[in-house]
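The residues making up each chain are set out below.
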Amino acid sequence: MVRKWKCLLIGASCMIDSAMAQNNPILLFPKGAPGETTQLIEKADTDGGKTGGETVLRITNVSEPTITVYPAPDESATGAAMVVCPGGGYNILAYDLEGDEVCEWLNNLGIMAVLVKYRVPRREGREKHEAPLQDLQRAIGYVRAHAEETNIDSECIGVMGFSAGGHLSAMVSNNFEKRTYPAVDAADKVSCRPDFCLLVYPAYLDGENFQLAPEIKVTSATPPPTMLIQAEDDKACINSSLFYYYALKEAGVSAWMHLYSKGGHGYGLRDTGAAVNEWPDGAEDWFREIGVIE
């Protein structure tokens, strides 16, 4: 039987199957996202080159952030959920490479996936992560508030991100005590703290003098456990992973890192001919070790 997903749009009440759920994104801010004064015309293209021999769907001009739910099949559902944040430098979203394809992989493991289409590009006069952090806080709280309706464990909701999405995932892992936007409804009264965190070639986490970027404040309350995936030849981002791992270790937060010699950046789940392409196997073992899957 196809797993059913209850529509959670304000004022709506219906049941739809998994395929329909993936084509019916949920608007995070039905009355408009905070701070948005201009309605952008969303753009999508596949003109930016290929990864693993396939094009990459790039989306930008997002002013109405959404989540799209990928329910795990009933026969394999573990009750865990993962909120997925694609990367793209906070200017675009690599929506299939680091979004759709990742959600399908998670479903195969029995994990419900929630794909976040957060606001890009960067807003003038605002920090690069300010609007996206609002979107992600809202997304995690929304998923947790509706855990019973979607048959997930409200204490087993993780977050994962790629590149800029990794930075965003680290931001929400260290900024969960207070919402960064005015409350919309009851979903903003539940915790937006992720229960576990997976960062794949995260960007922007490193600052000067071997310190974290100033906006990243790791403490003992930062969600354990955390796993990082990184290639050494990803010169722009290796310090991002190393510094964050070190900060987690110093704070006493459970952390794992899989460091590969080659692989570069932006590979997602695709086969690029490098050893780093085996990272999903390591992540699956990690999920088992921390009790997310059996």
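We now turn to the structure provided with this report. (Residues numbered from 1 in each chain as written. Predicted model: local features only at pLDDT ≥ 70, side-chain atom pairs only at ≥ 80, totals over all residues. Heavy atoms only, no water.)

A few points about the packing of helix H3 (residues 130-145) against helix H4 (residues 164-173)
Okay, step 1: Between H3 and H4, the least distance of the axes is 10 Å, while the angle of their chain directions is 65 degrees. Between H3 and H4 lies a crossing whose hand is right-handed. For the pair formed by H3 and H4, the contact residues are Pro-132, Leu-133, Leu-136, Gln-137 and Ile-140 on the first element and Leu-168, Ser-169, Met-171 and Val-172 on the second.
Okay, step 2: Broken down by class, the residue content of the contact of H3 with H4 amounts to seven nonpolar, two polar and no charged. (Axes fitted to C-alpha atoms, helices over the stretch in contact; angles between N-to-C directions. Helix = DSSP H or I, 4+ residues; strand = E, 2+ residues; numbered from the N terminus. Left-handed = near helix turned anticlockwise from the far one by under 90°. Contact = heavy atoms within 4.5 Å. Nonpolar A, V, L, I, M, F, W, Y, C, P; charged D, E, K, R; others polar.)

Regarding the packing of aromatic side chains
Okay, step 1: Per the counting criterion, the structure on display carries 13 aromatic pairs.
Okay, step 2: Measuring from ring centre to ring centre gives 4.7 Å for Tyr-201 and Tyr-267, while their planes differ by 75 degrees; the resulting arrangement is edge-to-face. Linking Tyr-201 in the loop between strand E13 (196-200) and strand E14 (226-231) with Tyr-267 in the loop between strand E15 (255-260) and helix H6 (279-289), this pair joins segments that are 66 residues apart in sequence. Just as Tyr-201 is buried, Tyr-267 falls in that class too.
Okay, step 3: Through successive ring pairs, a cluster of aromatic residues spans Trp-105, Phe-162, Phe-196, Tyr-201, Trp-256, Tyr-267, Trp-279, Trp-286 and Phe-287.
Okay, step 4: We note Arg-138 situated over the ring of Phe-29; from NZ or CZ to the ring centre the distance is 5.9 Å.
Okay, step 5: The ring of Phe-176 has Arg-193 lying over it, and the distance from NZ or CZ to the ring centre is 5.5 Å. (Phe/Tyr/Trp six-rings, centres within 6.5 Å; stacked < 30°, edge-to-face > 60°. Buried < 20%, exposed > 50% of the residue type's maximum accessible area, 1.4 Å probe, protein only. Lys NZ or Arg CZ within 6 Å of the ring centre and 35° of its normal.)

Some words on the side chain of Thr-51
Okay, step 1: With respect to the helices and strands, Thr-51 occurs in strand E5 (residues 50-51).
Okay, step 2: Ignoring any residue separated from it by four or fewer positions in sequence, one finds Thr-51 in contact with Val-56, Leu-97, Gly-266, Tyr-267, Arg-270 and Thr-272.

Looking at the sheet that holds E15
Okay, step 1: Judged by pairing direction, the sheet is mixed, and its eight strands sit side by side in the order E3-E8-E11-E9-E12-E13-E14-E15 without closing on themselves. The open sheet terminates on both sides in strands that have one partner only, identified here as strand E3 (26-27) and E15.
Okay, step 2: By the bridge criterion, five bridges tie strand E9 (residues 81-85) to strand E12 (residues 157-162) in an arrangement that is parallel. Bridge pairing in E12 places Ala-81 opposite Ile-157.
Okay, step 3: Packing against the sheet, H4 makes contact with E9, E12 and E13, and its axis sits at approximately 145 degrees to E12.
Okay, step 4: Along the sheet, H6 makes contact with E9, E12, E13, E14 and E15, crossing E13 at roughly 170 degrees. (Pairing = 2+ DSSP bridges.)

What to know about the environment of Glu-149
Okay, step 1: By the secondary structure assignment, Glu-149 is in the loop between H3 and E12.
Okay, step 2: Once the C-alpha coordinates of Glu-149 and Met-171 are considered, the two residues, 22 residues apart in sequence, prove to be 28 Å apart.
Okay, step 3: Here His-146 takes part through its side chain, which lies 2.9 Å from a polar atom of the side chain of Glu-149. (Polar contact = N/O pair within 3.5 Å; in protein donor to acceptor, adjacent residues only side chain to side chain.)

Quick notes on the nonpolar core
Okay, step 1: Formed by 81 residues in total, the largest nonpolar core has its most connected members in Leu-106, Met-160, Leu-198, Trp-279 and Phe-287.
Okay, step 2: Element by element, the count of residues in this core is highest for H3, at six residues.
Okay, step 3: Once residues lying within four places of it in the same chain are set aside, the contact partners of Leu-106 are Met-82, Val-84, Ile-111, Ala-113, Met-160 and Phe-287. (Core = buried A, V, L, I, M, F, W, Y, C linked by side-chain atoms within 4.5 Å.)

As for the pairing of E14
Okay, step 1: Where burial is concerned, most of E14 is hidden: six out of the six residues are buried.
Okay, step 2: Of the two faces of E14, the one holding Thr-226, Leu-228 and Gln-230 and the one holding Met-227, Ile-229 and Ala-231 are both buried throughout.
Okay, step 3: One ladder, built from four bridges, connects E13 with E14; its direction is parallel. If you follow Val-200 over to E14, its bridge partner there is Ile-229.
Okay, step 4: The sheet contact formed by E14 and E15 spans six bridges and is parallel. Each bridged residue has a counterpart across the sheet, and for Leu-228 the counterpart in E15 is Met-257.
Okay, step 5: Crossover connection from E14 via helix H5 (residues 238-251) to parallel E15: handedness right-handed. (Right-handed = clockwise from strand over helix to strand, strands pointing away.)

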